[in-house]
Amino acid sequence: AHPADQSITRMLAEVMSQAGDYAGSDKLYTALLAANPEDADLLVAHGQNLVHEAQLPQAFAVFDKATRIDEANVDGWSGLAFAASHTGRPDVTLHALAMRSRSLPENASTLFLWATAYDALHQKAQAAAYYHRFLDAAAGKYPNQEWQARQRLQILEK
């Protein structure tokens, strides 16, 4: 009803994303970004939609741009860590997690990202320490990752 009103378009894009219509939401975010290409919050929202659409290399680029624009954007750092991890960039994953941890406490998901990044870089002691921390924090909520962590710990601790 109000296509020229950016605030309404932004709200609609957010609602669509929360409802699971990532493609529809992303069309709106893309249009908003055309008018505001340096808006870090719009970039992060766009990146989150790209993650849900399994477009991880594109999401990586978007989150990277968002964090360059706004170094205090913890959602941008979280997204960058996830996208970097899933596109084989463990060094970027570690940097993004370090930046995120300046403002937010660690959780099971971030501990797992730390562990797998250190593991990919063959830093066995750090990887093992983070796998242990992940298992303590996970408490049965992440069965696939917990199985993977236990398997990696058996190998790393030999």
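Note: the structure precedes this text.
Below or above, wherever it landed, is the structure these notes cover. (Residues numbered from 1 in each chain as written. Predicted model: local features only at pLDDT ≥ 70, side-chain atom pairs only at ≥ 80, totals over all residues. Heavy atoms only, no water.)

### Notes on the pattern of salt bridges
- This model, assessed by the stated rule, comprises five salt bridges.
- With its nearest N and O atoms 2.7 Å apart, the salt bridge here joins Asp 39 to Arg 10. One end of the pair, Asp 39, is in the loop between helix H2 (22-35) and helix H3 (40-52); the other, Arg 10, is in helix H1 (residues 6-18), and 29 residues separate them in sequence.
- Relative accessible area serves as the criterion here: at 31%, Arg 10 is assigned to the partly exposed category.
- Between Asp 119 and Arg 152 there is a salt bridge, with the nearest N and O atoms lying 2.6 Å from each other. Of this pair, Asp 119 sits in helix H7 (residues 108-120) while Arg 152 sits in helix H9 (residues 143-156), placing them 33 residues apart in sequence.
- The class for Asp 119 is buried, based on a relative accessible area of 12%. (Salt bridge = Lys/Arg side-chain N within 4 Å of Asp/Glu carboxyl O. Helix = DSSP H or I, 4+ residues; strand = E, 2+ residues; numbered from the N terminus. Buried < 20%, exposed > 50% of the residue type's maximum accessible area, 1.4 Å probe, protein only.)

### Observations concerning the layout of surface pockets
- Of the volumes computed, that of the largest pocket is approximately 260 Å³.
- Forming the boundary of the largest pocket are 13 residues, of which Glu 14, Tyr 29, Asp 41, Ala 45 and Gln 48 lie nearest the centre.
- Elements with a minimum of two residues in the lining of the largest pocket: H1 and H3.
- No other element matches H3, which puts six residues into the lining of the largest pocket.
- The class makeup of the residues in the lining of the largest pocket is four nonpolar, five polar and four charged.
- Within this model, the second largest pocket holds a volume of roughly 220 Å³. (1 Å grid on protein atoms, 1.4 Å probe; cavity = no way out; pocket = protein on both sides within 12 Å on 5 of 7 lines; lining within 4 Å. Points joined across faces, edges and corners; volume = space filled by probe spheres on them. Nonpolar A, V, L, I, M, F, W, Y, C, P; charged D, E, K, R; others polar.)

### Remarks on the packing of helix H6 (residues 90-100) against H7
- At a minimum axis separation of 9 Å, H6 and H7 run at an interaxial angle of 145 degrees. Once H6 is placed against H7, the crossing between them reads as left-handed. Counting all contacts with H6, which are made through Pro 90, Thr 93, Leu 94, Leu 97, Ala 98 and Arg 100, the residues of H7 involved are Thr 110, Leu 113, Trp 114, Ala 117, Tyr 118 and Ala 120.
- Split by residue class, the contact of H6 with H7 holds nine nonpolar, two polar and one charged. (Axes fitted to C-alpha atoms, helices over the stretch in contact; angles between N-to-C directions. Left-handed = near helix turned anticlockwise from the far one by under 90°. Contact = heavy atoms within 4.5 Å.)

### A word on H1
- Look at H1: 18 Å from first C-alpha to last across 13 residues, which is about the 18 Å you get at 1.5 Å a residue.
- Taken as a whole, H1 has its buried residues at Thr 9, Ala 13, Met 16 and Ser 17. Seen from one end, H1 has its buried residues packed into an arc of 100 degrees, which puts them on one side. Opposite the packed face of H1, turned more than 90 degrees from it, sit the exposed residues Met 11 and Gln 18.
- Residues of H1 that are buried sit in contact with H2 and H3. (Expected span 1.5 Å × (residues − 1). Arc of directions from axis to C-beta.)

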